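Take a look at the letters that make up each chain.
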Amino acid sequence: DTGVSQDPRHKITKRGQNVTFRCDPISEHNRLYWYRQTLGQGPEFLTYFQNEAQLEKSRLLSDRFSAERPKGSFSTLEIQRTEQGDSAMYLCASSLGQSSNQPQHFGDGTRLSIL
Amino acid sequence: QKEVEQDPGPLSVPEGAIVSLNCTYSNSAFQYFMWYRQYSRKGPELLMYTYSSGNKEDGRFTAQVDKSSKYISLFIRDSQPSDSATYLCAMSLRITQGGSEKLVFGKGTKLTVNP
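Residues numbered from 1 in each chain as written. Chains lettered and ligands numbered in written order. Predicted model: local features only at pLDDT ≥ 70, side-chain atom pairs only at ≥ 80, totals over all residues. Heavy atoms only, no water.

Description of the environment of R69(A)
All names here are of chain A. As for its position among the elements, R69 is in the loop between β7 (65-68) and β8 (75-79). Separated by 46 residues in sequence, R69 and C23 have C-alpha atoms that sit 9.4 Å apart. The residues contacting R69, other than those within four sequence positions of it, are P25, H29, N30, R31, L32, F49, Q50, N51, E52, F74 and S75. (Helix = DSSP H or I, 4+ residues; strand = E, 2+ residues; numbered from the N terminus. Contact = heavy atoms within 4.5 Å.)

Okay, here's the thing in C-alpha cells:
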C-alpha cells in the first residue's frame with residue numbers, strides 16, 4: 001500500500017490524557033497537512049509542513065496541540081490535556097512538489113473519542 | 001455565511017439515475033476546485049481536480065466550474081450502488097509560505113443509490 005498511512009485508526013481516552021497520532025505520507029511527498037473532521041462536517045485545516053518546516057498553523061490549533069515532522073518524512077500530532085471537544089477524526093494528507101497545483105491525498109484518519 | 005456552502009442532503013436516487021451535486025462559494029481567492037468521495041469511516045478520496053471555468057470529464061463523472069457565479073457542480077451518470085458515499089467539495093487557498101494551498105471543504109452531501 002503506497003497511500004497515506006495513519007496510526008492508530010481509533011483512539012479512546014479519558015478527558016485530560018495526552019494522545020499522539022502518527023502519519024506516514026506517500027513516499028517522496030514533501031508536503032504534509034493535518035485536518036480535523038467532526039461529525040456531519042467537512043475537514044478543517046489545522047497545519048502544513050513543507051519537508052520538516054511547519055509553515056502554516058490554523059487558529060484552530062490551540063496551545064494544547066503540537067505537530068512535528070522531524071526528518072521531513074512521517075509526522076506526529078500530539079494533543080495534551082484532551083477535552084470533550086477534541087473528539088473528531090484527525091486526517092493527514094500529503095502532496096508532491098515545489099509548486100502549487102498538486103492535489104492532496106488523504107489517509108483514512110485517526111478517530112479520537114474522549115470519554 | 002460560510003465560505004463554502006453545500007447542501008448536506010441526504011440524497012437518495014435509484015440505480016442508473018443522473019446525480020447532480022453542487023456547491024457555492026464566496027471567496028474569489030479560491031484557486032483550485034475539487035470533489036472528494038468519502039465512504040463511512042474512511043478518508044476523503046480525490047475524484048476530480050479542476051482550475052479553470054468549464055467542464056472536466058472522467059468516466060461517469062463530470063465536474064463543472066463557473067467562477068463568475070461562484071458555483072461548482074459534480075454530475076454522476078449511470079449511478080451505481082457503489083457510488084453511495086458522502087461527496088465533499090473542496091477549494092484551495094494559497095498558503096503564503098511554501099507555495100502550497102490549504103483546502104476549505106463544504107459539509108458534504110450524503111448520497112444513497114438504491115439498487
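Describing the pairing of strand β11 (residues 109-114) of chain B
Residue and element names in this part refer to chain B. Side chains T109, L111 and V113 of β11 all project onto a buried face; the interleaved residues K110, T112 and N114 project onto a face where none is buried. Alignment of strand β2 (residues 11-14) against β11, held across four bridges, turns out to be parallel. Its bridge partner being in β11, P14 is matched across the sheet by N114. In this structure, strand β9 (residues 85-94) lies alongside β11, joined through three bridges in antiparallel fashion. Bridging across to β11, A85 finds its partner in L111. (Buried < 20%, exposed > 50% of the residue type's maximum accessible area, 1.4 Å probe, protein only. Pairing = 2+ DSSP bridges.)

Remarks on the environment of H105(A)
For H105(A), the position within the fold is in strand β10 (residues 105-106). Using a relative accessible area of 32% as the deciding quantity, one classes H105(A) as partly exposed. The sequence separation of H105(A) and M89(A) amounts to 16 residues, and the corresponding C-alpha distance is 16 Å. For H105(A), the residues in contact, after removing those within four places along its chain, are V4(A), I26(A), H29(A), C92(A), A93(A), S94(A) and L46(B).

Notes on the interface of chain A and chain B
Tallying the contact residues gives 27 residues for chain A and 23 residues for chain B. Of the roughly 2,100 Å² buried at the junction of chain A and chain B (both faces included), carbon and sulfur atoms supply 49%. Counting across the chain A and chain B interface gives two salt bridges. Between E56(A) and K102(B) there is a salt bridge, and its shortest N-O distance comes to 3.2 Å. Elements that contribute at least two residues to the side of chain A that touches chain B include exactly β4 (31-37), β5 (44-50), β6 (53-57), β9 (88-95) and β10 of chain A. Of all the elements, β4(A) adds the most residues to the side of chain A that touches chain B, at four residues. Of the residues that constitute the side of chain A that touches chain B, the class distribution is ten nonpolar, twelve polar and five charged. (Buried area = accessible area lost by both parts, 1.4 Å probe. Salt bridge = Lys/Arg side-chain N within 4 Å of Asp/Glu carboxyl O. Nonpolar A, V, L, I, M, F, W, Y, C, P; charged D, E, K, R; others polar.)

Thoughts on the pairing of strand β5 (residues 45-50) of chain B
Residues and elements named next belong to chain B. One ladder, built from five bridges, connects strand β4 (residues 33-38) with β5; its direction is antiparallel. Paired with R37 across the bridge in β5 is E45. Once β4 ends, the chain turns through six residues before running back antiparallel as β5, passing R41 with a positive phi of about 60 degrees.

Things to note about the layout of surface pockets
Of the voids in this model, the largest pocket is the one considered here, and its volume is about 610 Å³. In this structure, the largest pocket is lined by 24 residues; those nearest its centre are Q37(A), L39(A), G40(A), Q38(B) and T86(B). Sorting the residues of the lining of the largest pocket by element identifies β9 and β11 (110-114) of chain A together with β9 and β11 of chain B as the ones contributing at least two each. Tallying contributions element by element places β9(B) first for the lining of the largest pocket, with three residues. Looking at side-chain class alone, the lining of the largest pocket contains eight nonpolar, eleven polar and five charged residues. In this structure, the second largest pocket encloses a volume near 520 Å³. (1 Å grid on protein atoms, 1.4 Å probe; cavity = no way out; pocket = protein on both sides within 12 Å on 5 of 7 lines; lining within 4 Å. Points joined across faces, edges and corners; volume = space filled by probe spheres on them.)

Quick look at the state of the cysteines
Here is the idea: a disulfide is a covalent bond, and it sits between the sulfur atoms of two cysteines. Scanning the entire structure with this criterion turns up two disulfides over all chains. Here C23(A) pairs with C92(A) through a disulfide, and the sulfurs are 1.9 Å apart. Taking the sign of the S-S torsion, -70 degrees for the link of C23(A) and C92(A), the bridge is left-handed. Here the residue C23(A) occupies a position in strand β3 (residues 19-24), and C92(A) occupies one in strand β9, the gap between them amounting to 69 residues. Both residues of the pair, C23(A) and C92(A), count as buried. Here C23(B) connects covalently by a disulfide to C89(B), the sulfurs 2.0 Å from one another. As the torsion about the S-S bond is roughly -100 degrees, the C23(B)-C89(B) disulfide counts as left-handed. Taken together, the positions of C23(B) in strand β3 (residues 19-25) and C89(B) in strand β9 put the pair 66 residues apart, joining distant regions of the chain. Under the relative-accessibility criterion, C23(B) is labelled buried at 1%. (Disulfide = S-S within 2.5 Å.)

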